[in-house]
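# Observations on the three-dimensional arrangement
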Amino acid sequence: MGQDIVPKLDPAEVRTFTKALLTDLQALERMVDEGLIESGIRRIGAEQELFLVDADWHPAPVATDVLEQLPENQGFTTELARFNLEINLDPLGLEGDCFTRLEQCMTTRVGQVREAARDIGAEVILTGILPTLSKSDLVVDNITPRTRYYALNDAMGRLRSGKPYRLQIEGAEELHFEHDSVMLEACNTSAQFHLQVSAEEFPVFYNVAQLVAAPVLACAVNSPLLFGRQLWAETRIAVFQQSIDTRSTALHMRELSPRVRFGDRWLSGTVSTLFEEDVSRFRVLVATEVTEDSIEVLDRGGVPELRALQIHNGTVYRWNRPCYGVGGGVPHLRIECRVFPSGPTVADEVANAAFWIGVVLGGAEEWGDVRQSMYFGDAKANFLAAARAGLRAGFRWFDGESVSARSLILERLLPLAREGLLEAGVDSVDAARYLGIVRDRVESGQTGSNWLLRSLAATREGTKRAEQVTALTAATHARQKTDLLGHEWELARMEESGGWRQNYARVEQYMTTSLYTVHEDELVDLAAFLMEKNRIRHVLVEDANNELVGIVSYRALLRLLARGAHAPSADELPVKEVMERNPVTVGPETATIDAIETMRAHQVSALPVVKDGKLVGIVSERDFMPVAGQLMENRLRQDKSALG
């Protein structure tokens, strides 16, 4: 999906594309059988995704503007969302100081994006999920204006029969969220790494990559927050799988595979087996014109591009994805590791890559065929455990042994990774530097995820979550400009949040979402009880569908008491008798200044917040006090400065 395409929607055109796809499968199998795939050389590659943020540390939909400032043909490209960019790095031979060179190249490219972004008032953040990302950032208007992204959104919508996308994630907190587009995928950014292997060794290497996905993820987690909720250590895993899920809940008796997947079994055949399984299980999502007949190209002694197969493969998201490519006129195979989040620093990312590549190489040499030594279900369960708990995870290892993530990494896998890298020809100093970063991180226990959660806990009690996540994002940016590694970062401080402008620009940043509500037929006494016990002045009235029908204010209860309506004869008075029907509301994306003007115009002290007809929060006069305090403080400083 990295290239723009003209989608074909006519059934006859889809059939033509499918025929080309099946022909490509035959051509790949023939190339494997005839030994036409490149062997005897190891290369590595990388893709760096990143977030663009504005001066208030919120997503900045300026990717196309930034791209216009960047040089062409250097790997800079768009992503699904207008606030994301991707950098594709040139492949390097796995030898010498290749990881140092990879870090230098990634740092240079990220630096170019930073400079271009600053020219238009934006900044770059490397993180798996941006802490300040909000639901209103995921609107269709923020899809990057490229044909392939609209085609992807339309195709996913058709497969889902127009049903909403759902996120249901449970961690320290819970998140249940519905959305209307594929933009949920844009919550995530990653650092993806490639390892070139020969066709002959592909099955062994791929199975080892599956086996070690859990421990390499456990020490690299960097995405514990989404929409301010504490979820998994690497929430990206859950978000990505659910955001691209096209399965229907109505078909609960069928065994259907998600498009984002770890897999269901060890690889027993050749690489063609993986591609064949994906074509068998997943319908063509995006079809386009393909002029190449790959079998005819082979018959002429040429090298086919297998474009149909590559396009289809780009719409199936295995965490370890098989890739076919052609470089210098020679076809090759790669394993693409997609488990790593972006950040916390480029050096941390390269260390993750060195660890993964080293342990795959070393594991393939030491363990060989792992299919008889490890139950695949355990490898899959380990992966989910790592995503949920990071370094706190426990794994089932060979022969059913139970082992902690930390001891497995430190005592067994890091030495194995070193052997794998040195055997491949990587310089010992290079291997020691990057594997040492992983070792120090694991020993300290401070993964990127751990740093974010500790920083969140360190902020003062009573602070709005919007201020906390803003401080986390600002602190991430500040520390990424230093030479410190992620496990060396000091915790974020509240003063880094930047004040009222960053934290109170939109209603959703500070609205109260933990609501106390009643139904209109319930007792007025219940509303009064909720106000007294929770020290609130408004209780919202909703129906069974969570739709707002009214609001009960403290003043309304006082008026009721003053009229004597709360006499014994009225002790069963329902809420609907005193509530204000059809109250004035705002949406979560409403600007603060507009919310204030709405309150003044309608002379109300609270505004229910409604999204798509559903009650999602409330904002009151009390919530504006930090804004007023900050503005008053700023004004006093200005006056003092003017007086000398």
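Residues numbered from 1 in each chain as written. Predicted model: local features only at pLDDT ≥ 70, side-chain atom pairs only at ≥ 80, totals over all residues. Heavy atoms only, no water.

### Remarks on the overall build of the protein chain
A tally of helices and strands in the protein chain yields 20 helices and 22 strands. Taken over C-alpha atoms, the radius of gyration comes to 27 Å for the protein chain, in line with the 26 Å a tight globule of 644 residues would show. With the C-alpha coordinates aligned to their principal axes, the bounding extent of the protein chain is approximately 95 × 65 × 55 Å. Within the protein chain, contacts between residues at least 6 apart in sequence are counted, and of these 73% link residues at least 24 apart. Accessible surface computed for the protein chain: about 28,200 Å², of which carbon and sulfur atoms make up 47%. Computed over 68 positive and 92 negative side-chain charges, the inter-centroid distance for the protein chain is 4 Å. (Helix = DSSP H or I, 4+ residues; strand = E, 2+ residues; numbered from the N terminus. Rg over C-alpha atoms; globule rule 2.2 N^0.38 Å. Contact = heavy atoms within 4.5 Å. Areas by Shrake-Rupley, 256 points an atom, 1.4 Å probe, with all protein chains shown as cover. Lys, Arg positive; Asp, Glu negative; His and termini not counted. Charge placed at Lys NZ, Arg CZ, Asp CG, Glu CD.)

### Quick look at empty space enclosed by the protein
One pass over the full model with this rule turns up one cavity of 30 Å³ or more. In this structure, the largest cavity occupies an estimated 60 Å³ of space. In this structure, the largest cavity is lined by Ile125, Leu126, Thr127, Pro131, Asn222, Pro344, Gly448, Trp451, Leu452, Thr476 and Trp489. With three residues, the top contributor of residues to the lining of the largest cavity is helix H14 (residues 448-458). For the lining of the largest cavity, the residue count by class is seven nonpolar, four polar and no charged. (1 Å grid on protein atoms, 1.4 Å probe; cavity = no way out; pocket = protein on both sides within 12 Å on 5 of 7 lines; lining within 4 Å. Points joined across faces, edges and corners; volume = space filled by probe spheres on them. Nonpolar A, V, L, I, M, F, W, Y, C, P; charged D, E, K, R; others polar.)

### Section: unusual backbone geometry
Residue Gly343 is joined to Pro344 through a cis peptide bond whose omega torsion reads -5 degrees. Summarising the element assignment, Pro344 is placed in the loop between strand E14 (330-337) and helix H10 (346-367).

### A few points about the packing of aromatic side chains
Applying the stated rule across the entire model yields 15 aromatic pairs. Ring geometry for Phe262 versus Phe376: centroids 5.6 Å apart, planes at 40 degrees, classification tilted. Within this pair, whereas Phe262 is found in the loop between strand E11 (260-261) and helix H7 (271-281), its partner Phe376 is found in helix H11 (residues 376-389), the two being separated by 114 residues in sequence. Summarising the burial analysis for this pair, Phe262 and Phe376 share the class buried. Centre to centre, the rings of Trp367 and Trp397 are 6.0 Å apart; their planes meet at 75 degrees, and the pair counts as edge-to-face. Of this pair, Trp367 sits in helix H10 while Trp397 sits in the loop between strand E15 (394-396) and strand E16 (402-404), placing them 30 residues apart in sequence. The two residues Trp367 and Trp397 agree in class, both being buried. (Phe/Tyr/Trp six-rings, centres within 6.5 Å; stacked < 30°, edge-to-face > 60°. Buried < 20%, exposed > 50% of the residue type's maximum accessible area, 1.4 Å probe, protein only.)

### Re the environment of Ser268
Position of Ser268 among the secondary structure elements: in the loop between E11 and H7. Placed 61 residues apart in sequence, Ser268 and Asn207 show a C-alpha to C-alpha distance of 9.0 Å. A polar contact is formed between the side chain of Ser268 and the side chain of Arg371, at a distance of 3.3 Å. (Polar contact = N/O pair within 3.5 Å; in protein donor to acceptor, adjacent residues only side chain to side chain.)

### With respect to the nonpolar core
If you look at the biggest cluster of nonpolar residues, it comprises 163 residues, and the most contacted ones within it are Phe99, Phe355 and Trp356. Looking at this core, the element that brings in the most residues is H10, giving 14 residues. Non-local contacts of Trp356, meaning those with residues more than four positions away in its chain, are made with Phe193, His194, Leu195, Ala209, Val212, Val216, Asn320, Ile335, Cys337 and Phe340. (Core = buried A, V, L, I, M, F, W, Y, C linked by side-chain atoms within 4.5 Å.)

### Comments concerning the side chain of Ser455
Note on placement: Ser455 falls in helix H14. Owing to a relative accessible area of 0%, Ser455 belongs among the buried residues under this scheme. In contact with Ser455, other than residues within four places in its own chain, are Leu472, Leu491 and Ala492.

### Observations concerning the pairing of E14
The buried fraction of E14 amounts to six of the eight residues, a majority that puts the element mostly inside the structure. Of the strand pairs in this sheet, strand E8 (residues 191-197) and E14 are connected by five bridges, and their pairing is antiparallel. By the bridge assignment, Gln196 is partnered in E14 with Arg334. Sheet analysis places strand E13 (residues 320-327) next to E14, joined by eight bridges and oriented antiparallel. In the strand pairing of E14, Val326 is matched with Pro331. Two successive antiparallel strands, E13 and E14, enclose a turn made up of two residues, where Gly328 displays a positive phi of approximately 60 degrees. (Pairing = 2+ DSSP bridges.)

### Remarks on the sheet that holds strand E20 (residues 580-581)
An order of E17-E18-E19-E20 is seen for the four strands of this open sheet, with the pairing classed as mixed. The two strands at the open ends of the sheet, each matched to only one other strand, are strand E17 (517-518) and E20. Sheet analysis places E17 next to strand E18 (residues 538-542), joined by two bridges and oriented parallel. Looking at the pairing, Val518 lines up with Val541 of E18.

### Topic: the environment of Phe177
By the element assignment, Phe177 lies in strand E7 (residues 174-179). The class for Phe177 is buried, based on a relative accessible area of 12%. It is 5.7 Å that separates the C-alpha atoms of Phe177 and Arg166, two residues lying eleven residues apart in sequence. In this view, Phe177 contacts Lys135, Tyr165, Arg166, Leu167, Leu184 and Phe227; residues no more than four positions away in its chain are not counted.

### Overview of the packing of helix H3 (residues 98-118) against helix H13 (residues 428-444)
Relative to each other, H3 and H13 sit at 60 degrees, their axes nearing to 8 Å. By the angle between their axes, H3 is oblique relative to H13. Across the interface between the two elements, Cys98, Phe99, Thr100 and Glu103 from H3 touch Asp430, Arg433 and Tyr434 from H13. Of the residues assigned to the contact of H3 with H13, the class counts are three nonpolar, one polar and three charged. (Axes fitted to C-alpha atoms, helices over the stretch in contact; angles between N-to-C directions. Parallel < 35°, antiparallel > 145°, perpendicular 65-115°, else oblique.)

### Quick notes on the pattern of salt bridges
This structure, assessed with the given rule, holds 34 salt bridges. Arg439 is the partner of Asp440 in a salt bridge, and the nearest nitrogen-oxygen pair spans 3.2 Å. Note that Asp521 and Lys576 form a salt bridge whose closest N and O atoms lie 3.1 Å from each other. Of this pair, Asp521 sits in the loop between E17 and helix H17 (524-534) while Lys576 sits in the loop between helix H18 (554-562) and E20, and the two are 55 residues apart along the sequence. (Salt bridge = Lys/Arg side-chain N within 4 Å of Asp/Glu carboxyl O.)

### Regarding helix H5 (residues 202-218)
For H5, which comprises 17 residues, the first-to-last C-alpha distance of 24 Å matches the rise-based estimate of 24 Å (1.5 Å per residue) to within 8%. At Val212, H5 is deflected by roughly 45 degrees, the largest bend along its length, and proline Pro215 occurs up to four residues later in sequence. Burial within H5 is extensive, with 16 of its 17 residues counted as buried. (Expected span 1.5 Å × (residues − 1). Bend = angle between axes of the 7 residues up to and from the residue.)

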